[in-house]
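Letter by letter, the chains look like this.
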Amino acid sequence: MSLKDCQEWKNIGFPLSTTSNEAAKMYDAVLTQFTCGYDNDEIGHIPQCMEKMLSADPNFVLGHALKNLLSLLSGGTSTWSNPKLKDDIDDMVTMAENSDITYLEKLHVDAVKFLSMGNFNKACDKWEEILLFYPTDMLALRSHFVACFYMGKPLKIRDTMASVSQSWKTSMSTQMYSHLKGMYAFGLEEAFMFPEAEKEAMEGFELNPNEAWSLHTISHIREMQGHPDEGIEFFSKTEKNTEGNWLHGHIRWHLALYYIEKGDYETALTMYDNELSKLVHVSKGDLLDLTDAASLLYRLQLEGVSVGDRWERSEERRVGKECRSRWSPYH
């Protein structure tokens, strides 16, 4: 992975307040993994990169904003349940007020502050303000997407992605541009604009066959249009494309839904045993993996399928416990 130093960030129109090239590169590493949904074993996963980033420059305000943002968007904690996170937010705000930071960084801090208060709409207003002046700021774009996804506001996703799409060029970063395509496609699909959504999704997929949101969007389109056979065929061929991506288990969950729709409950249950249940163990309680596993079992029960003692097994008991202790709008 090629990582941008301070000068390279400045060259593409995003001057950072840090003077540490190491902090700038680790910021790039965290942002790329957050955006694309892949852990990087070579340079370190997000927690390791964030530690390196803030060790290189403990006063890097945007770095602190990114760290707090990811904690808030994880769905696993909040300032109400986590006093340490609240202190971190307060320290970030104070640091921003006493530092010579760019207007862009100030807006990101404001967005995170509103998010920490549970005011997703105000946070989105700040990210939209950023995108007016910096339409290729992937941190604002990705954060806005996730927040609107949580709020169930697909039209805002669609319209925001449409408003910035003309400012992007594939030469800027094929990986990031393909992700923009995937997010835009998802907004279109959720607005029931299926032909337009498929066009954007396939363009994202062609640019980058590992682009998970493009593939995720296609899974929705096949489901919404009632084409389970086409969905099974497509995702049987692309199974390897998203391995290692945070959305991999969720896309496999969609494949299991196709089998449920066809009445092939045995295959769906086998996918639960061989894939989804195991992902809960491997991911150590990732919220999306937990809800995928729980909802698939529940959907099978709604169909009158006996799931045996699966709810009583150790991992499945933890599914129920973890889901009760967190918030999640999924499924």
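Look above for the structure.
Quick caveat: nothing in here was measured; it's all calculated off a predicted structure. In this convention, every chain numbers its residues from 1, walking through the sequence in written order. In view of the model being predicted, local features appear only for residues whose pLDDT reaches at least 70, and side-chain atom pairs are presented and counted only at 80 or more, with totals across whole chains, interfaces and linings using the full set of residues. To get the side-chain values, take all heavy atoms of the structure and skip hydrogens and water.

Engineer: What's the story with the overall build of the protein in this structure? I'm lost.
Structural biologist: If you tally the helices and strands in the protein, you get 17 helices and zero strands. Summarising its shape, the C-alpha atoms of the protein cover approximately 60 × 40 × 35 Å along the three principal directions. Counting all 331 residues of the protein, 54% fall into the buried class. We call two residues in contact whenever any of their non-hydrogen atoms come within 4.5 Å of each other. The long-range share in the protein, meaning contacts at least 24 apart out of those at least 6 apart in sequence, stands at 63%. Note on areas: Shrake-Rupley, 1.4 Å probe, and residue coverage restricted to the protein chains presented here. On the protein, roughly 15,100 Å² of surface is accessible, and the fraction owed to carbon and sulfur atoms is 50%. Positive: Lys, Arg. Negative: Asp, Glu. His and the chain ends are not part of the count. To locate a charge, the coordinates of NZ of Lys, CZ of Arg, CG of Asp or CD of Glu are taken. Mean positive and mean negative side-chain charge positions of the protein (33 and 50 charges, respectively) differ by 3 Å. Only DSSP runs of H or I with at least four residues qualify as helices, and only runs of E with at least two residues qualify as strands; both kinds are numbered from the N terminus onward. Three exposure classes are used, based on accessible area relative to the maximum for each residue type with a 1.4 Å probe and protein chains only: buried under 20%, partly exposed in between, and exposed over 50%.

Engineer: Explanation requested: the environment of E211 in the structure shown.
Structural biologist: Relative to the helices and strands, E211 resides in the loop between α11 (194–207) and α12 (212–224). In this structure, the C-alpha to C-alpha distance between E211 and L132, residues 79 residues apart in sequence, is 26 Å. Once residues lying within four places of it in the same chain are set aside, the contact partners of E211 are S178, H179, G182 and G204. By the criterion applied in these results, polar contacts are pairs of N or O atoms within 3.5 Å in which, for protein atoms, one can donate a hydrogen and the other can accept it, and in which residues neighboring in sequence qualify only through two side-chain atoms. Among the polar contacts listed, one links the side chain of E211 to the side chain of H179, at a separation of 2.9 Å.

Engineer: Where do I start with the nonpolar core in this structure?
Structural biologist: One recurring pattern in soluble globular proteins is that nonpolar side chains are buried together. To define a nonpolar core, start from buried Ala, Val, Leu, Ile, Met, Phe, Trp, Tyr and Cys residues and group those joined through side-chain atoms within 4.5 Å. Judged by nonpolar contacts, the single largest core of 105 residues is most densely connected at Y27, F34, L69, W127, L141 and L296. What L69 contacts, discounting residues up to four positions off in sequence, is F34, V112, L115, W127, L139 and S143.

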